[in-house]
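Inside the fold
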Amino acid sequence: MGWFWTSQAQKPIANRWDLSTPLLTLSRQDVWTIGDACLGTLVTGATGAGKTTGPGAAIVLALLRAKCGGLVLAAKRGERQSWEEYCRLTGRIDDLVIFDASGRHRFSFLDEELQRAGAGAGLTENIVNLLSTCLEITQRNGGQSGREDEGYWKQAQKQLVRNAVDLLVMSKGRVTVPDLYRAVVSAPTSREQLASDEWKRGSFCFQCLREADAAPKSSRAARDFELVADYFMCEFPGLSDRTRSVIVSTFTSMVDVLNRSLFRDLFSDGTTIRPEDTLEGKIILVDLPVKEFAEAGAFAAVLWKYCWQRAVERRDVVANPRPVFLFADEFQHFSVSYDQIFQTTARSSRAMTVYLTQNIPNLLAAFGGAQAKAMTDSLVGNLNTKIWTCNGDPETNQWAASVIGRSRQLFMNSSKSQAGIDWLALAGLAESGPTTAGFSEQMDFDVDPQTFTVLRTGGPPKWEVDSIVFQGGRQFQANHATWLPVTFRQHL
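Conventions we followed
- Residues numbered from 1 in each chain as written.
- Predicted model: local features only at pLDDT ≥ 70, side-chain atom pairs only at ≥ 80, totals over all residues.
- Heavy atoms only, no water.
- Buried < 20%, exposed > 50% of the residue type's maximum accessible area, 1.4 Å probe, protein only.
- Helix = DSSP H or I, 4+ residues; strand = E, 2+ residues; numbered from the N terminus.
- Pairing = 2+ DSSP bridges.
- 1 Å grid on protein atoms, 1.4 Å probe; cavity = no way out; pocket = protein on both sides within 12 Å on 5 of 7 lines; lining within 4 Å.
- Points joined across faces, edges and corners; volume = space filled by probe spheres on them.
- Nonpolar A, V, L, I, M, F, W, Y, C, P; charged D, E, K, R; others polar.
- Contact = heavy atoms within 4.5 Å.
- Polar contact = N/O pair within 3.5 Å; in protein donor to acceptor, adjacent residues only side chain to side chain.
- Salt bridge = Lys/Arg side-chain N within 4 Å of Asp/Glu carboxyl O.
- Core = buried A, V, L, I, M, F, W, Y, C linked by side-chain atoms within 4.5 Å.
- Phe/Tyr/Trp six-rings, centres within 6.5 Å; stacked < 30°, edge-to-face > 60°.
- Lys NZ or Arg CZ within 6 Å of the ring centre and 35° of its normal.
- Axes fitted to C-alpha atoms, helices over the stretch in contact; angles between N-to-C directions.
- Parallel < 35°, antiparallel > 145°, perpendicular 65-115°, else oblique.

The next point concerns the pairing of strand β9 (residues 324–329). On any regular strand, side chains alternate: one points to one face of the sheet, the next to the other face. In terms of residue burial, β9 counts as a mostly covered element, since 6 of its 6 residues are buried. Neither face of β9 is exposed, since Val324, Leu326 and Ala328 on one face and Phe325, Phe327 and Asp329 on the opposite face are all buried. Across 5 bridges, the pairing between strand β6 (residues 69–73) and β9 is parallel. Of the residues in β9, the one forming a bridge with Leu73 is Ala328. Of the strand pairs in this sheet, β9 and strand β10 (residues 351–357) are connected by 6 bridges, and their pairing is parallel. Bridged to Leu326 within β10 is Thr353.

In C-alpha cells form, the structure reads like this:
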C-alpha cells in the first residue's frame, strides 16, 4: 500500500520534548512530530478495519516512549488490558493509574476545583461550568436538546447551581455532590413554607443559610450572601410549581448518578489522583466503560476530561514542557461542546488529542440537535492529522476525499464513426470507420472515495493495516502530495 511507520521517540535527543521531536516515521522522508501531535489527531475506520490495533496502537506506543503523561477514556471492556500491555512494552507500567469501580483511587472534583491553586481557584462560575458541561451528556442522551426554550432552562439551571455552590462555600467551606443535592431538594417551595418551624428544623438548605449568615464575611462575600439569600427565600419559592419542578428535576437527574454508592465514593470522598498528575508523567485510565456503565460511565469520563482540559490549559509550559495526551477510542460517547474550544489552543498547552471513531455519522448522532453538523465540522476541522483506514460509510469516504481535495487531471477519450453497420468490420475481416482520440482536462478527486473501501484491514498472514494520512498545511516529501499512504503493522 505505502510506507511503513516506525517509532522514533526512543532515540536520544538533546531536548526530549521540543515540538520538532519526531514521534513516528511515516516514510523515508517524512516524520510525525510532537508539534504535529499537538494539533490533534483523528483516526476513522469501520469496525474491524484495524484503526485501534494499527495506527491507534502506533501512536500510543510512540507517546509512551516519549515519556508523555496522559488521560485515557475507556469505552469498551478490554481497553485496560491493552493499555497495561502498552505500558509494559514501553517500561511505563509504574506510571499507569487505573481509576475504576474498585475505589482504590478517588477524585473529589468539586472540592478540588474549590481548593486548587491559581488565580481562578474558588470561583463559583468555574464549578457551575464544570457541572454544566457534564450535563450535556445527560441532556444529549435523554433527547432534551433542540427545544425552543432550551436557552432559558440552561440559564435557570446555572442560576440554581451557582446559588447552591455559593451557599455551601459560605456555610461549610467545601462543595460535594451529596451536599449540593441536599441543599437543592430541601430548598423552600413556597413562602408559606418559609414560615414553618417544622420545615426549618428539617431543611438542610435553611441550616446552611443560617450558618452562612452567622459566618464572618468580607464586604464582597456579604453582597454575594445577599444574592444567595434573596434567591432561596424570595425568587426560588416564588417560581411557578411547573417551572421550579423542571429546574430541580433537571439538576437532580444530572447529579443523581454521582450521588449514589459507587460514584459518590469515587467523586466525593477525598482525592488520591488529580488531572495535574499527568503533567508529571502519570497515565490515568478512566476504566468505567460506557459499554458496561452506560450513561454513568460517559458522565464520569466527561467529568474527568473537562477537568483535565482545564488543568492543562492553566499550566505553565515553560516551567513544565512535558507534552500530555488525551486518548479516546469511540470518542463520540464523550464529545461535548467544549472539545472544539479546547482544541483551538491545544498546541500552546502542549496537549495532544487522539480521537478514534468509525465514521462521521457517529458524531452527528451523538451531538444531535440543530447544531450537530456545526459542532462536528468544528471539532474534526481542528484535528489536523487525519488517518483514514478502511471504511464502508459513503458519507465518511466522501468527506475524506473532499478534505484531501481535487486537482486538474487528464482523461483520455476516443470515438469511432460509422455510416452504417459494417458486418465485415465487426467480424474483423475489414477496416472499421474513422477513429478519433484525445485528452480532456477536468477537476477530480486526488483520492477517489472508493479507495477507502479497499484498504487492507490487518489480520493474518501479514497483520498490516493500510491507511491514508493527511495533514492540513503540509505536503509530504515522499509523494509531494497533501496525503500519504502509510501501512501500520498491527499490535494486538
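Attention now goes to empty space enclosed by the protein. Scanning the entire structure with this criterion turns up 2 cavities of 30 Å³ or more. Roughly 40 Å³ of internal volume is contained in the largest cavity. For the largest cavity, the full set of lining residues is Leu24, Leu26, Trp32, Thr385, Ile387, Val469 and Phe488. Residues belonging to the lining of the largest cavity are distributed by class as follows: 6 nonpolar, 1 polar and no charged. As a volume, the second largest cavity reaches approximately 30 Å³. Taken together, Thr44, Trp388, Thr389, Asn391, Thr396, Asn397, Ala400 and Phe452 make up the full set of residues lining the second largest cavity. Each residue belonging to the lining of the second largest cavity can be placed in one class, and the counts come to 3 nonpolar, 5 polar and no charged.

Let us now look at the environment of Asp100. Mapped onto the elements of the fold, Asp100 is located in the loop between β7 (96–99) and α4 (109–115). A sequence separation of 163 residues divides Asp100 from Phe263, and the C-alpha atoms of the two residues are 10.0 Å apart. Apart from residues lying up to four places away in sequence, Asp100 is in contact with Arg80, Leu266, Asp287 and Leu288. Only 2.8 Å separates the side chain of Asp100 from the side chain of Arg80, close enough to count as a polar contact.

To continue, consider the pairing of strand β3 (residues 22–25). Note: β3 against strand β4 (residues 31–33), 3 bridges, orientation antiparallel. Its bridge partner lying in β4, Thr25 is registered against Val31. Where β3 folds back onto β4 in an antiparallel hairpin, the turn is made up of 5 residues.

All told, the structure shown has 23 salt bridges when counted by the stated rule. We note a salt bridge from Glu292 to Arg77, for which the minimum N-O separation is 3.5 Å. You can see Glu292 sitting in helix α14 (residues 290–314) and its partner Arg77 sitting in the loop between β6 and α3 (79–89), a full 215 residues away along the chain. Salt-bridge contacts for Arg489 lead to Glu464; the nearest nitrogen and oxygen are separated by 3.0 Å. Within this pair, whereas Arg489 is found in strand β15 (residues 483–489), its partner Glu464 is found in strand β14 (residues 464–471), the two being separated by 25 residues in sequence.

Moving on, we get to the nonpolar core. In terms of nonpolar packing, the biggest core is built from 105 residues, with Phe109, Phe232, Phe267 and Leu303 touching the most fellow members. Among the elements that line this core, the one with the most residues is α14, at 13 residues. Counting 40 residues, the second-largest nonpolar core is a separate cluster that includes Leu23, Ala57, Leu61 and Ala74.

Working definition: an aromatic ring pair is given by the centre-to-centre distance plus the angle between the planes. In total, this model carries 20 aromatic pairs according to the counting rule given. On the basis of an interplanar angle of 5° and a centroid distance of 4.2 Å, the ring pair of Phe331 and Tyr355 is categorised as stacked. Taken together, the positions of Phe331 in the loop between β9 and α15 (338–344) and Tyr355 in strand β10 put the pair 24 residues apart, joining distant regions of the chain. Looking at Phe331, the relative accessible area reads 1%, which means it is buried. You can call Tyr355 buried: its relative accessible area is 3%. Positioned above the aromatic ring of Phe225, the side-chain terminus of Lys217 is 5.1 Å from the ring centre.

Let's shift gears to the side chain of Asn163. Among the structural elements, Asn163 can be located in helix α6 (residues 150–172). Assessed through its relative accessible area of 9%, Asn163 is described here as buried. A distance of 2.8 Å separates a polar atom in the side chain of Asn163 from the backbone oxygen of Gln159. Beyond its immediate stretch of four places on either side in the chain, Asn163 contacts Leu227, Val228, Tyr231 and Phe232.

So, about the packing of helix α16 (residues 360–367) against helix α18 (residues 394–404). Two numbers describe how α16 lies on α18: the axes approach to 7 Å, and their chain directions differ by 110°. The orientation of α16 with respect to α18, classified from their angle, is roughly perpendicular. Contact with α16, carried on its side by Ile360, Pro361 and Leu364, involves Glu395, Thr396 and Trp399 of α18 and no other residues of that element. Grouping the constituent residues of the contact of α16 with α18 by class yields 4 nonpolar, 1 polar and 1 charged.

All right, on to the environment of Pro289 then. Take Pro289: it is sitting in the loop between β8 (283–286) and α14. Classification of Pro289 as buried rests on a relative accessible area of 3%. Here Pro289 is in contact with Ala74, Ala75, Lys76, Arg77 and Ala294, once residues within four sequence places are set aside.

Right, let's talk about unusual backbone geometry for a bit. In the segment running from Pro460 into Pro461, the intervening peptide bond is cis, with an omega of 5°. Position of Pro461 among the secondary structure elements: in the loop between β13 (435–445) and β14. Backbone geometry places Ala294, a non-glycine residue, at a positive phi of 55°. Mapped onto the elements, Ala294 comes out in helix α14. Classification of Ala294 by relative accessible area gives partly exposed; the value is 44%.

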